[in-house]
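# Chains, contacts and geometry: an overview
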Amino acid sequence: MGVFPGLVISSAADSGQFPRPPADILEAQVALARRNISSGPIDGKFGAQTRAALIAFQEEQSLDATGRLNGETRAALALAAPPITTRIVTAADLASLHPVPPTWLGKSQQPSLAYATALEMAAEQSRAHPALLRQLNPGMIWEKIEPGTIIAIPDAGPETRAATIRAGEKAARIIISLGEHTLQARADDGRLLAHFPVSIARKIEKRPVGTLRVKTIAPNPNYTFDPEIFTESEEARELGRKLIIPPGPNNPVGLVWIGLDKSGYGIHGTPEPEKVGRTESHGCFRLANWDALALVELVEIDTEVIVLP
């Protein structure tokens, strides 16, 4: 778990000397991601999630928590390797793509809910926003990519992750802040192991403040569509029955389900990483798939989950 299949990393040309401070927000986002501190999809833009990620890093480093990429923060957030690398698109990658049906019934009839496009696959596997990949690869016709195509991507994969987590280390607790829309994993000694943006429930009564515990851990899960939950859906009202939605990155709960000891509640991935932390869920805690994959490596059955207002 934790490594996306098909991701081929190779060193890209970079004239800079390493280690060196990040030159801009894009490079800072990559450096943060290598430390399991997520600013959401890497996009090179300074927004609320990047600010929150910088604050988490600054607090961990005992720096002034300004949320700005100042000189002191740049020096501490050193890049050990080039921030941009290349990915080779393979024939297997392209053969695995499949359009995602727009209806719940259509989704339930698929063998899996795989990536729909090469752009979606490359963006998610590199923790990037699709718009950034378009910028890094000007002139690329994503709808006509062929095997052997080389694309530039942020180098924030597992192979470049900084050694901030000891081998086999698990989190002592997960802390979810409803007000900040953040999830943090911390070691028994208080060290920050991970920081991720998280979506929370739309309805206040579905936000379970207090202490919960991990009850189940399911990688690549299926999903039970219950029309009673999706009351806003005309299709759900017409179907009037539950459906089993197959696994895959475009499954409603993404690539990971971490069930909690409160019935119906869990921490999970999502097929729409760009919306994490910005939109609300029906009741669970939603992460980008890559962050959910990183989190599942840190939790175990009975890990404490503290939900703060």
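Everything numeric in this text was worked out from a predicted model, so none of it was measured.

Glancing now at the pattern of salt bridges. On inspection of all chains with the given rule, the structure shows 8 salt bridges. Where D93 meets R87, a salt bridge forms, and the shortest distance between an N and an O atom there is 2.7 Å. On the basis of relative accessible area, D93 is assigned to the buried category, the value being 6%. Between R173 and E304 there is a salt bridge, and its shortest N-O distance comes to 3.6 Å. Placement of R173 in strand β4 (residues 173-177) and of E304 in strand β13 (residues 304-308) is noted, with a sequence separation of 131 residues between them. Look at R173 and you get partly exposed, because its relative accessible area is 23%. Each of the salt bridges in this network shares a partner with another, and the network as a whole consists of E169, D189 and R191.

Moving on to the pairing of strand β7 (residues 210-219). Here β7 pairs with β13 via 4 bridges, running antiparallel. Across the sheet, T211 pairs through a bridge with I306, a residue of β13.

The geometry of an aromatic ring pair is captured by the separation of the ring centres together with the interplanar angle, meaning the angle of the planes. All told, the structure shown has 4 aromatic pairs when counted by the stated rule. Between W104 and F230, the aromatic rings sit 5.0 Å apart at their centres with planes inclined by 55 degrees, giving tilted as the arrangement. Of this pair, W104 sits in helix α5 (residues 104-108) while F230 sits in the loop between β8 (223-225) and α8 (234-239), and the two are 126 residues apart along the sequence. What makes W104 buried here is its relative accessible area of 15%.

Spatially, the 8 strands line up as an open sheet ordered β6-β5-β4-β13-β7-β10-β11-β12, and their pairing is mixed. Two strands in the sheet have a free side with no partner beyond their single neighbour: β6 (192-197) and β12 (285-286). The pairing of β4 with β13 spans 5 bridges and is parallel. The residue bridging S177 from the neighbouring strand is L308, located in β13. This element, helix α9 (residues 289-296), spans β4, β5 (182-186), β6, β7, β10 (256-260) and β11 (266-268) of the sheet and lies at about 60 degrees to β10.

Analysis parameters
Residues numbered from 1 in each chain as written. Predicted model: local features only at pLDDT ≥ 70, side-chain atom pairs only at ≥ 80, totals over all residues. Heavy atoms only, no water. Salt bridge = Lys/Arg side-chain N within 4 Å of Asp/Glu carboxyl O. Buried < 20%, exposed > 50% of the residue type's maximum accessible area, 1.4 Å probe, protein only. Helix = DSSP H or I, 4+ residues; strand = E, 2+ residues; numbered from the N terminus. Pairing = 2+ DSSP bridges. Phe/Tyr/Trp six-rings, centres within 6.5 Å; stacked < 30°, edge-to-face > 60°. Contact = heavy atoms within 4.5 Å. Axes fitted to C-alpha atoms, helices over the stretch in contact; angles between N-to-C directions.

Limitation: the analysis is restricted to geometry and does not speak to function.
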